[in-house]
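Fold and geometry: a report
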Amino acid sequence: MAINDPVIAAQTPTADFQIEQRWRLYKDEEHAIWRDLYSQQISILKNRAVPEFYEGLTALNLNEGGIPNFAHINEKLMDLTGWQVITVPHLIPDDIFFEHLANRRFPAGRFIRSREQMDYLQEPDIFHDVFGHVPLLTQPIFANYMEAYGKGGLRALKYDCLKNLARLYWYTVEFGLMNTDEGLKIYGAGIVSSRTESIFSLDDPSPNRLHFDLTRVMETDYRIDDFQQIYFVNNSFEELFEATQQDFGPIYEKMSASDNVFGLTDILDSDKVYTKGTQAYAQSGGRFAKAS
Ligand code: HBI
Ligand code: FE
């Protein structure tokens, strides 16, 4: 029986949507898919990701040779930052998701993509969730940011500003870039876990690359089905975390009053621009048209 068989997927989750990982039920082929994705990403990324990402991979032994056992990850993660990885069956409701993050629990899927989906799948699988997200949870400042984000999410729900906060998650946790002494590097999980976007995000002339600004990001649209047309760049995880250490109440009030949304190709006078993109990829129709 494979882990993504319906009979197992149907296992009833608890109120907080937790299920068991049931690591022993993974098939050899599923472990082989993990190993292939892992070695492919390592060779494509080389030193494109921030050093903290590689530190996290090493600290957690994520290359042990197959799909990681969350129990093993959690022993190490608990010592390092007090975070835990928990298993959820699929995308879970926003309030539950935030509640977990606010309590230093990262919800991860347990199924792995098939060979036909190696380059792209819409739903986050265990490779995206664990290879993409978990390494940085070993880093204290990033770990604090994720907790602050979860707490901010619970607050945003009250102000009806979830859209705005979701954009912050998207443009930082999922698709963030970092400005380092060795140039721009990747830290976003959606990028590090993607064969094609890990090249595109740094090298392609198409997207805009702009410096991070909290309200700017929270008012910027994004696309979930293709490469980003904008990436936002931070100078450090400290800078990112610091941005969350203020009262979001007044910010939410202003944003819900104006309901402003910037478009995907807008560059504002106030933007600090790293790259003014050609947008050639998006204009050519996108969706990996020429990327692979
Ligand atoms: N559920 N399993 C899972 N993983 C996510 O990343 C996730 C989710 N539910 C909601 C959610 N993300 C979004 O609300 C955030 O990206 C803002
Ligand atoms: Fe993700």
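In case you missed it, the structure is sitting above this.
Small disclaimer: the values here were computed from a predicted structure and weren't measured.

Below, the discussion takes up the pattern of salt bridges. Summed over the entire model, instances satisfying the criterion amount to 10 salt bridges. R48 is paired through a salt bridge with D203; the nearest N and O atoms lie 2.8 Å apart. Within this pair, whereas R48 is found in the loop between α2 (28-45) and α3 (51-59), its partner D203 is found in helix α10 (residues 197-203), the two being separated by 155 residues in sequence. The class for D203 is partly exposed, based on a relative accessible area of 48%. Residues D271 and R216 are paired through a salt bridge, measuring 2.7 Å at the closest nitrogen-oxygen approach. Remark: R216 occurs in helix α11 (residues 214-218) and D271 occurs in the loop between α13 (248-258) and β7 (273-275); sequence separation between them is 55 residues. For the pair formed by D271 and R216, the shared burial category is buried. A single network of salt bridges, built from pairs that share partners, joins E29, D36 and R115.

Let us now look at the coordination of the iron ion (ligand 2). Taken together, the protein ligands of the iron ion (ligand 2) are H128 (NE2), H133 (NE2), E174 (OE) and E174 (OE), with distances of 2.0 to 2.8 Å. Between the 4 donor atoms coordinating the iron ion (ligand 2), the angles at the centre fall across 51 to 137°, so the site counts as irregular. One chain supplies every donor for the iron ion (ligand 2), spaced along it as H-x4-H-x40-E. Separated by 46 residues along the polypeptide, H128 in helix α6 (residues 126-133) and E174 in helix α8 (residues 162-174) bring together distant segments of the chain. The class for H128 is buried, based on a relative accessible area of 12%.

Our focus in this paragraph is the site of ligand 1. Contacts to ligand 1 come from V88, H90, L91, I92, D94, F97, Y149, A166 and Y169. In the model, a nitrogen atom of ligand 1 is placed 2.7 Å from a nitrogen or oxygen of the I92 main chain. Between ligand 1 and D94, the relevant distance is 2.4 Å, taken from an oxygen atom to a side-chain nitrogen or oxygen of the residue. For ligand 1, whose free accessible area comes to 390 Å², the fraction covered by protein is 85%. The site holding ligand 1 turns out to be the largest pocket. Taken together, the elements giving at least two residues each to the shell around ligand 1 come down to α5 (94-102) and α8.

Parameters at a glance
- Residues numbered from 1 in each chain as written.
- Chains lettered and ligands numbered in written order.
- Predicted model: local features only at pLDDT ≥ 70, side-chain atom pairs only at ≥ 80, totals over all residues.
- Heavy atoms only, no water.
- Salt bridge = Lys/Arg side-chain N within 4 Å of Asp/Glu carboxyl O.
- Helix = DSSP H or I, 4+ residues; strand = E, 2+ residues; numbered from the N terminus.
- Buried < 20%, exposed > 50% of the residue type's maximum accessible area, 1.4 Å probe, protein only.
- Donors = N, O, S within 2.8 Å, 3.2 Å for Na, K, Ca; no water.
- Tetrahedral: all angles 85-135°; square planar, octahedral: opposite > 155°, others 65-115°.
- Near = heavy atom within 4 Å.
- Polar contact = N/O pair within 3.5 Å; in protein donor to acceptor, adjacent residues only side chain to side chain.
- Areas by Shrake-Rupley, 256 points an atom, 1.4 Å probe, with all protein chains shown as cover.
- 1 Å grid on protein atoms, 1.4 Å probe; cavity = no way out; pocket = protein on both sides within 12 Å on 5 of 7 lines; lining within 4 Å.
- Sits in = over half its atoms within 2 Å of the grid points.

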